[in-house]
Amino acid sequence: MGDPRRRVPRTDVLLTHPRLAEAERVLGRTLVKSVIAHAQQRARAGEIEPEQVAEHAVAALPATAASLRPVINATGVVVHTNLGRAPLSQAALDAVTTAGRATDVEFDLPTGRRAKRGRGALAALAAEVPEAGGVHVVNNNAAALLLTALVLAPGKEIVISRGELVEIGDGFRIPELLESTGARLREVGTTNRTSLRDYTTAIGGETGFVLKVHPSNFQVTGFTSAVGIRELAKLDVPLVVDIGSGLLRPHPVLPGEPDATTALREGADLVTASGDKLLGGPQAGLLLGEAGLVERLRRHPAARALRVDKLTLAALEATLVGPPPPVEKALTADPAELGARAERIAARLPGARAVDCSAAVGGGGAPGVELPSAGVSLPETCAAPLRTGDPPVVGRLEAGRCVLDLRTVAPEEDELLVAAVLACSS
């Protein structure tokens with residue numbers, strides 16, 4: 001009778017606790033019961049007193065029913081793949097909330113008839129890139145390339161430079177993706193030099209299209225040459241240009257980064273790009289180009305399997321027509337203002353100092369481009385506690401210090417950042 005484990009409250013009793021009962025309504029019974037079970041197990045193991053089970057269960061409740069946690073990105077990498085790439089604007093987040101309810105995504109309210117899916121997002125994309133005769137959206141850029149190969153090169157050859165056989169994150173290789181459709185790759189040129197003659201020699205009756213891929217996550221320098229879009233567009237086969245990171249028009253901060261508008265003006269028949277990188281929107285694959293070709297892509301049976309949901313359509317439209325998204329704000333942030341913020345924050349934190357540093361674009365975009373920035377330098381020992389705090393703060397280790405780069409921290413997050421560091425220090 002003296003065993004303290006006998007005093008551990010039963011699950012049904014704990015579920016009547018006001019805070020836990022409210023959590024069950026918001027988060028669901030299964031999740032709340034799992035939190036209760038963990039607290040009960042801690043009590044049985046002697047880690048906490050049986051009378052503290054309810055208190056610890058309440059403290060362990062997550063904010064939402066999903067396991068994803070909001071993170072403050074202080075890495076200085078603007079488009080951080082491991083942190084979800086582009087953070088959405090408030091306008092896009094509001095649009096996603098609206099789209100989560102019943103919506104008119106494929107319904108025309110005035111007539112009561114079926115309507116074109118995603119017409120608002122497609123119209124916004126077409127307005128942003130008027131050089132495109134047609135536009136379509138799939139679930140990522142890999143899907144855009146997959147669909148293109150299925151339509152233009154079934155059983156045929158795709159001509160591509162050896163210097164553009166790109167591998168991106170997690171071992172994903174564009175050549176393997178294309179070959180999975182049944183197309184054959186016709187590699188031309190060498191790793192560092194490809195000429196127009198290499199393309200003209202390779203093109204024949206078996207050619208489906210020429211593919212030009214922007215090597216967005218690496219650089220080849222020195223004795224190099226490549227063939228531009230204008231020259232490739234003169235070849236008598238479709239030209240597909242994968243610009244990768246998703247700029248729709250030239251950007252003053254990234255003069256060397258390809259964009260959809262310029263590629264189409266120079267003669268590309270089709271441009272593919274990502275929506276969740278430099279565009280600053282949700283994960284999506286953008287297809288822009290000749291109207292008839294885009295329609296063929298849209299009508300292919302695989303397009304149904306690759307289509308985006310209403311949440312993505314809503315976020316994409318809001319990104320295109322709304323205020324500048326966080327990625328654009330980070331790219332164009334004033335280094336002097338970043339330095340002033342760093343000074344103000346460092347003055348409030350023990351052991352901190354403001355430092356000049358360099359940020360990066362990330363997300364496989366603008367390799368080698370350094371963005372002048374400023375940050376707060378802390379002892380290296382702060383890194384792990386910051387990552388595991390609430391909210392988690394992810395910085396970077398540099399010269400034996402933990403640097404919090406403010407180019408990727410929104411000004412409205414400054415107070416949260418200060419509180420997180422103070423909690424870590426205490």
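Presented here is a report on the structure given in the accompanying data block. None of the values given here were measured: they were computed from a predicted structure. (Residues numbered from 1 in each chain as written. Predicted model: local features only at pLDDT ≥ 70, side-chain atom pairs only at ≥ 80, totals over all residues. Heavy atoms only, no water.)

1. Digging into the sheet that holds strand E6 (residues 157-161)
If you walk across this open sheet you meet the 7 strands as E5-E11-E10-E9-E8-E6-E7, and the pairing is mixed. At either end of the open sheet lies a strand with only one pairing partner, and these are strand E5 (134-138) and strand E7 (184-188). Between one strand axis and the next, the sheet turns through 25° on average, direction left out of account. As defined by bridge partners, strand E8 (residues 207-213) adjoins strand E9 (residues 239-244) across 4 bridges and the pair is classed as parallel. (Pairing = 2+ DSSP bridges. Helix = DSSP H or I, 4+ residues; strand = E, 2+ residues; numbered from the N terminus. Axes fitted to C-alpha atoms, helices over the stretch in contact; angles between N-to-C directions.)

2. Section: the sheet that holds strand E2 (residues 77-79)
Spatially, 5 strands are ordered E2-E12-E13-E16-E15 in an open sheet, and the strand pairing comes out mixed. Since the sheet does not close on itself, it has two edges, and those belong to E2 and strand E15 (396-398), each with one partner. This sheet shows a mean twist of 45° between the axes of neighbouring strands, independent of strand direction. Taken together, the 9 bridges between strand E12 (residues 353-362) and strand E13 (residues 365-379) define a ladder with antiparallel strand orientation. Paired with Ala360 across the strands is Glu370, a residue of E13. Packed onto the sheet, helix H16 (residues 335-346) meets E12 and E13 and runs at close to 25° relative to E13. (Contact = heavy atoms within 4.5 Å.)

3. Considering the pattern of salt bridges
Any two side chains of opposite charge can pair, so long as their charged atoms come close to each other. Here the structure, examined in full by the defined rule, presents 26 salt bridges. Put simply, Arg307 and Glu106 hold a salt bridge, and the shortest N to O gap is 3.5 Å. With Arg307 in the loop between helix H13 (302-305) and helix H14 (310-321) and Glu106 in the loop between helix H5 (90-99) and strand E3 (107-108), this pair connects stretches of sequence that are 201 residues apart. Residue Glu106 is classed as buried on the basis of its relative accessible area, which comes to 19%. Members of the salt-bridge network, linked through shared partners, are Glu106, Arg114, Arg117 and Arg307. (Salt bridge = Lys/Arg side-chain N within 4 Å of Asp/Glu carboxyl O. Buried < 20%, exposed > 50% of the residue type's maximum accessible area, 1.4 Å probe, protein only.)

4. Focus: unusual backbone geometry
Most peptide bonds take the trans form, and the phi angle of most residues other than glycine is negative. Here the bond from Asp390 into Pro391 is cis, since omega is 0°, no more than 30 degrees from zero. Its place among the elements puts Pro391 in the loop between helix H17 (383-387) and strand E14 (393-394). The backbone of Arg85 sits at a positive phi, close to 60°, despite the residue not being glycine. With respect to the helices and strands, Arg85 occurs in the loop between E2 and H5.

5. With respect to helix H7 (residues 141-152)
A rise of 1.5 Å per residue sets the reference length of H7, with its 12 residues, at 16 Å; its end C-alpha atoms lie 16 Å apart and thus fit the reference within 8%. The element H7 is extensively covered by neighbouring structure, given that 9 of its 12 residues are classed as buried. Of all the residues in H7, the buried ones are Asn141, Ala143, Ala144, Leu145, Leu147, Thr148, Ala149, Val151 and Leu152. At the N-terminal end of H7, a side-chain oxygen is found 3.3 Å from the backbone nitrogen of Ala142, two or three residues along, and the residue is Asn140. (Expected span 1.5 Å × (residues − 1). Polar contact = N/O pair within 3.5 Å; in protein donor to acceptor, adjacent residues only side chain to side chain.)

6. Regarding the pairing of E6
Within E6, 5 of the 5 residues are buried, leaving the element largely enclosed by the surrounding structure. Burial of the side chains of E6 extends over both faces: Glu157, Val159 and Ser161 are buried on one face and Ile158 and Ile160 on the other. Pairing of E6 with E7, which is carried by 5 bridges, proceeds in the parallel orientation. Its bridge partner being in E7, Glu157 is matched across the sheet by Arg184. Considered for its hand, the β-α-β crossover made up of E6, helix H8 (residues 174-179) and E7 is right-handed. By the bridge criterion, 3 bridges tie E6 to E8 in an arrangement that is parallel. (Right-handed = clockwise from strand over helix to strand, strands pointing away.)

7. Thoughts on the pairing of strand E16 (residues 401-405)
The element E16 is extensively covered by neighbouring structure, given that 5 of its 5 residues are classed as buried. Residues of E16 alternate between two faces, with Arg401, Val403 and Asp405 on one and Cys402 and Leu404 on the opposite face, all of them buried. Pairing between E15 and E16: 3 bridges, direction antiparallel. The partner of Glu398 across the bridge, within E16, is Arg401. The turn joining E15 and E16, which pair antiparallel and follow one another in sequence, is formed by 2 residues; a positive phi near 55° is taken by Ala399.

8. Thoughts on helix H3 (residues 29-44)
Compared with the 22 Å implied by 1.5 Å per residue over 16 residues, the 22 Å span of H3 between its first and last C-alpha is a close match. Regarding H3, the residues found buried are Val32, Val35, Ile36, Ala39, Gln40 and Ala43. Within H3, the buried residues cover an arc of 140° as seen down the axis, which keeps them to one side. For H3, the exposed residues set more than 90 degrees away from the buried face come down to Thr30 and His38. The elements touched by buried residues of H3 are helix H1 (11-14), helix H2 (18-27) and helix H4 (53-60). Once H3 ends, the next one or two residues include Gly46, with phi positive near 80°. (Arc of directions from axis to C-beta.)

9. Some thoughts on the packing of H2 against H3
What describes two packed helices is the angle between their axes and the distance between those same axes. Two elements in contact, H2 and H3, have axes separated by 7 Å at closest approach and are oriented at 135°. It follows that H2 is oblique to H3 by the angle criterion. Within the contact between the two elements, H2 uses Leu20, Ala23, Glu24 and Leu27 and H3 uses Arg29, Leu31, Val32 and Ile36. In terms of residue class, the contact of H2 with H3 is built from 6 nonpolar, no polar and 2 charged. (Parallel < 35°, antiparallel > 145°, perpendicular 65-115°, else oblique. Nonpolar A, V, L, I, M, F, W, Y, C, P; charged D, E, K, R; others polar.)

10. Considerations on the state of the cysteines
Considering all chains together, one arrives at 0 disulfides under this definition. The thiol of Cys402 is unpaired, and the distance to the nearest cysteine sulfur, on Cys382, comes to 6.3 Å. (Disulfide = S-S within 2.5 Å.)

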